Amino acid sequence: ATNRELIIKVITGCLPIGEFPFEVITEKERKKIVAGLLHFKIRQYENTDETEKVLVYGKPFVDAPTLMDFLAATPDEEFEVLTQPLLDRLIKIFEVFGFVVRPLIDPITMLPYSSKVCRNISVPKGCYKPTGNECTVLHCDDIMRDGSKKADFRLPLGLEGMEYHQISACIQLEDGGYRPDDLIIHELRYSSELENNFYGEGGWRYPGERVKAYRNHLHTPVLRLCYFFSTLNFHDVKGGHPLAQRLNFSVFFIYVPASNTLYYYN
């Protein structure tokens, strides 16, 4: 993505994926961040196992049982210091392209949503579960869908009655020297009519047979580059080398066209 028009096409799902054609962090910065992450507690993502390894640093909104649990969670100061420069870099890039960039704010407490997560994902080529089914983490991400599962959820500031789009902006931090798993973007986009098809613990998985009729697009992450895509498109991560270490930093941005604003959270 080299101009604002292309970025908006990705944000709105008209194009499957965008990538800035320049490194957003230096090799020295990358190594420092990766080394620093080794000191933090990492946890297995819910309803995954060693065949579908998804490890998470940080506190994603989707995992919190309630909105207040999420807002009141004490951030790890060391993790914040380590990853804040990455968020700052992304904010500046989007501002250069003419977007207003703001934190996502709860309207009652006026507390910001936390916004920085790192994930280590490994769903290698040829991976099959004990049931014989192919490994997959096919899903979509939508703040309204995730929020609807929390009894105390209310619309954040700036989203009331507004059309919105959601993207994930990711910076590849590590691959272990091997080809990492691809990001696979399907042209099927989330709508409430599809809700009954979700399954599994937490209700975040989507059946692969439901997307087979739609075209998909593959993207192999490259170290130090930032790629971004609409999370309302169903997407999967898989197919890399079994020894790859696919570690990335990611932030959700919600785009409101009426205010030309990107609100960040995760």
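Look above for the structure.
Residues numbered from 1 in each chain as written. Predicted model: local features only at pLDDT ≥ 70, side-chain atom pairs only at ≥ 80, totals over all residues. Heavy atoms only, no water.

## Overview of the overall build of the protein
Then, number 1: Secondary structure assignment for the protein yields five helices and twelve strands.
Then, number 2: Taken over C-alpha atoms, the radius of gyration comes to 18 Å for the protein, in line with the 18 Å a tight globule of 266 residues would show.
Then, number 3: A total of 266 residues make up the protein; the buried ones form 52% of that total.
Then, number 4: Residue pairs in contact within the protein that sit at least 24 positions apart in sequence constitute 81% of those at least 6 positions apart.
Then, number 5: Between the centroid of the 30 positive side chains of the protein and the centroid of its 35 negative side chains there is a distance of 3 Å. (Helix = DSSP H or I, 4+ residues; strand = E, 2+ residues; numbered from the N terminus. Rg over C-alpha atoms; globule rule 2.2 N^0.38 Å. Buried < 20%, exposed > 50% of the residue type's maximum accessible area, 1.4 Å probe, protein only. Contact = heavy atoms within 4.5 Å. Lys, Arg positive; Asp, Glu negative; His and termini not counted. Charge placed at Lys NZ, Arg CZ, Asp CG, Glu CD.)

## What about the pairing of strand β12 (residues 261-265)?
In summary, the side chains of a regular strand alternate between the two faces of the sheet.
Then, number 1: With respect to burial, β12 is a largely interior element, five of its five residues being buried.
Then, number 2: Neither face of β12 is open: one carries T261, Y263 and Y265, the other L262 and Y264, and all of them are buried.
Then, number 3: As paired elements, strand β4 (residues 100-103) and β12 share four bridges and run parallel to each other. Residue pairing across strands places V100 opposite T261, the latter belonging to β12.
Then, number 4: Between strand β11 (residues 246-256) and β12, which pair antiparallel in sequence order, lie four residues; one of them, N260, sits at a positive phi of approximately 55°. (Pairing = 2+ DSSP bridges.)

## Observations regarding the environment of G203
Then, number 1: Here G203 is to be found in the loop between β7 (182-189) and β8 (216-219).
Then, number 2: What makes G203 buried here is its relative accessible area of 17%.
Then, number 3: Taking the C-alpha atoms as reference points, G203 and L6, 197 residues apart in sequence, are found 33 Å from one another.
Then, number 4: Excluding its chain neighbours within four sequence positions, the residues that come into contact with G203 are R145 and F198.

## Quick look at the packing of aromatic side chains
Then, number 1: Tallying each qualifying case throughout the model produces 20 aromatic pairs.
Then, number 2: Between F252 and Y265 the ring centres are 5.4 Å apart and the planes differ by 45°, which places this aromatic pair in the tilted class. Pair noted here: F252 is in strand β11 and Y265 is in strand β12, with a separation of 13 residues, a long-range link.
Then, number 3: According to the relative accessible area criterion, F252 is buried, its value standing at 7%.
Then, number 4: Members of the aromatic cluster, connected to one another through ring pairs, are F20, F22, F94, F97, F99, F228, F253, Y255 and Y264.
Then, number 5: Here R4 stacks its cationic end above the ring of F99, 4.5 Å away from the centre of that ring. (Phe/Tyr/Trp six-rings, centres within 6.5 Å; stacked < 30°, edge-to-face > 60°. Lys NZ or Arg CZ within 6 Å of the ring centre and 35° of its normal.)

## Side note on the nonpolar core
Then, number 1: If you look at the biggest cluster of nonpolar residues, it comprises 36 residues, and the most contacted ones within it are L37, F94, F99, I171, L173, F249 and F253.
Then, number 2: Residue assignment for this core shows that the elements contributing at least two residues are α1 (4-11), α2 (27-37), α4 (77-96), β6 (165-174), β9 (225-230), β11 and β12.
Then, number 3: If you tally residues by element for this core, the top one is α4, at eight residues.
Then, number 4: Beyond its immediate chain neighbours, meaning those up to four positions away, F99 contacts R4, I7, I8, I11, F94, Y255, N260 and L262.
Then, number 5: If you look at the next biggest cluster of nonpolar residues, it comprises 16 residues, including L67, L71, L104 and F153. (Core = buried A, V, L, I, M, F, W, Y, C linked by side-chain atoms within 4.5 Å.)

## A few points about α1
Then, number 1: Considered for burial, the residues of α1 that qualify are I7, V10 and I11. Seen along its axis, α1 keeps its buried residues to an arc of 100°; they face one direction.
Then, number 2: Its side-chain oxygen at 3.1 Å from the backbone nitrogen of E5, N3 defines the N-terminal cap of α1.
Then, number 3: Looking one or two places after α1, you find G13, whose phi comes out positive at around 85°. (Arc of directions from axis to C-beta. Polar contact = N/O pair within 3.5 Å; in protein donor to acceptor, adjacent residues only side chain to side chain.)

## A short note on the packing of α2 against α4
Then, number 1: Where α2 meets α4, the closest approach of the two axes is 10 Å, and the angle between their N-to-C directions is 145°. Read as a crossing pair, α2 and α4 show a hand that is left-handed. Residues E29, K32, I33, G36 and L37 of α2 pack against F79, L82, L86 and R89 of α4.
Then, number 2: When grouped by side-chain class, the residues that make up the contact of α2 with α4 number five nonpolar, one polar and three charged. (Axes fitted to C-alpha atoms, helices over the stretch in contact; angles between N-to-C directions. Left-handed = near helix turned anticlockwise from the far one by under 90°. Nonpolar A, V, L, I, M, F, W, Y, C, P; charged D, E, K, R; others polar.)

By themselves these figures say nothing about function.
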